[in-house]
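Okay, here's what each chain looks like letter by letter:
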Amino acid sequence: MAKPIPKVGSRRSGRSSARKSARRIPKGVIHVQTSFNNTIVTVTDVRGRVISWSSAGTCGFKGTRRGTPFAAQTAAGNAIRAVVEQGMQRAEVMIKGPGLGRDAALRAIRRSGILLSFVRDVTPMPHNSCRLPKKDMCRNKH
C-alpha cells in the first residue's frame, strides 16, 4: 500500500503571497461604500485591481452596529493599514451611498497619513427616475 504524500502547501498560495509583498503601490484609489446597514472600504490601484478591502461586518460588528460611524471608522482603518505597509503615499477617495459612516470613514482615511489628491462623491443620482405605476382606481373610491 502506497503512503499518502503529505501536503506542505499549495504552490498557488505561496506564489500569490510573494507577489503581494513585492508589489509597491505609490498611488491608489479608496472606494467607500456606505449604506444604512454597513460600510465597505475597498482600496485599489490606479487600474482598478483590488489591493485590500474591509467592511464593518468583517471587523466583527453584527446587526445594527454595522451601520454606525465607529464601525465605518474601524473598517477604513483596517483596509488602509495593509496598503500603508505596501508603501502607498497618495490616494483618491470615492464615497458612495447615504450611510452614517461617510464622514467617519473619511476622518479615518485622513488620519492614516496618506495624502489625498481629491475626495469625490459618486453616489448615483437619478436625473429622471423610472415612471411610477398608474394610480390604483380601487383606492380612490373610499
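Placed above this text is the structure.
Residues numbered from 1 in each chain as written. Predicted model: local features only at pLDDT ≥ 70, side-chain atom pairs only at ≥ 80, totals over all residues. Heavy atoms only, no water.

Q: Explain the packing of aromatic side chains here, please?
A: Any two aromatic rings considered together are summarised by their centre-to-centre distance and by the angle between their planes. According to the stated counting rule, one finds 1 aromatic pair in the structure shown. Their ring planes at 85° and their centres at 5.8 Å tell us that F61 and F70 sit as a pair that is edge-to-face. (Phe/Tyr/Trp six-rings, centres within 6.5 Å; stacked < 30°, edge-to-face > 60°.)

Q: Help me understand the pairing of strand β2 (residues 39–45) in this model?
A: The side chains of a regular strand alternate between the sheet's two faces. Buried residues dominate β2, accounting for 6 of its 7 residues. Of the pairings in the sheet, the one linking strand β1 (residues 27–34) to β2 comprises 7 bridges and is antiparallel in character. The partner of G28 across the bridge, within β2, is D45. In this structure, the hairpin formed by β1 and β2 is closed by a connection of 4 residues. Where β2 and strand β3 (residues 50–55) come together, 5 bridges link them in antiparallel fashion. (Buried < 20%, exposed > 50% of the residue type's maximum accessible area, 1.4 Å probe, protein only. Helix = DSSP H or I, 4+ residues; strand = E, 2+ residues; numbered from the N terminus. Pairing = 2+ DSSP bridges.)

Q: What exactly am I supposed to notice about the environment of V122 here?
A: Secondary-structure assignment places V122 in the loop between β5 (115–121) and α4 (137–140). In this structure the C-alpha to C-alpha distance between V122 and M94, which are 28 residues apart in sequence, comes to 6.2 Å. With residues near it in sequence (within four places) discarded, V122 still touches M94, I95 and K96. (Contact = heavy atoms within 4.5 Å.)

Q: What am I meant to see in the nonpolar core here?
A: Side chains of nonpolar character tend, in soluble globular proteins, to be buried together. Membership of the largest hydrophobic core comes to 21 residues, with the highest contact counts inside it found for I30, V32, V41, M88, V93 and I109. Taken together, the elements giving at least two residues each to this core come down to β1, β2, α2 (69–85), β4 (90–96) and α3 (101–111). In terms of residues, this core owes the most to one element, α2, which gives 6 residues. Residues contacting I30, with those up to four places away along its chain left out, are V41, T42, V43, I80, A91, E92, V93, M94 and I109. (Core = buried A, V, L, I, M, F, W, Y, C linked by side-chain atoms within 4.5 Å.)

Q: Just checking my understanding: could you explain α2 for this structure?
A: Each turn of an α-helix holds 3.6 residues, which means side chains three or four residues apart point in the same direction. Compared with the 24 Å implied by 1.5 Å per residue over 17 residues, the 25 Å span of α2 between its first and last C-alpha is a close match. Within α2 the residues assigned to the buried category are A71, A72, A75, A76, A79, I80 and V83. Angular distribution of buried residues about the axis of α2 spans 155°; they occupy a single face of the element. Summarising the geometry of α2, the exposed residues directed more than 90 degrees from the buried face are F70 and E85. In this structure, the buried residues of α2 make contact with β1, β2, β3 and α3. At the C-terminal side of α2, G87 shows a positive phi close to 100°. (Expected span 1.5 Å × (residues − 1). Arc of directions from axis to C-beta.)

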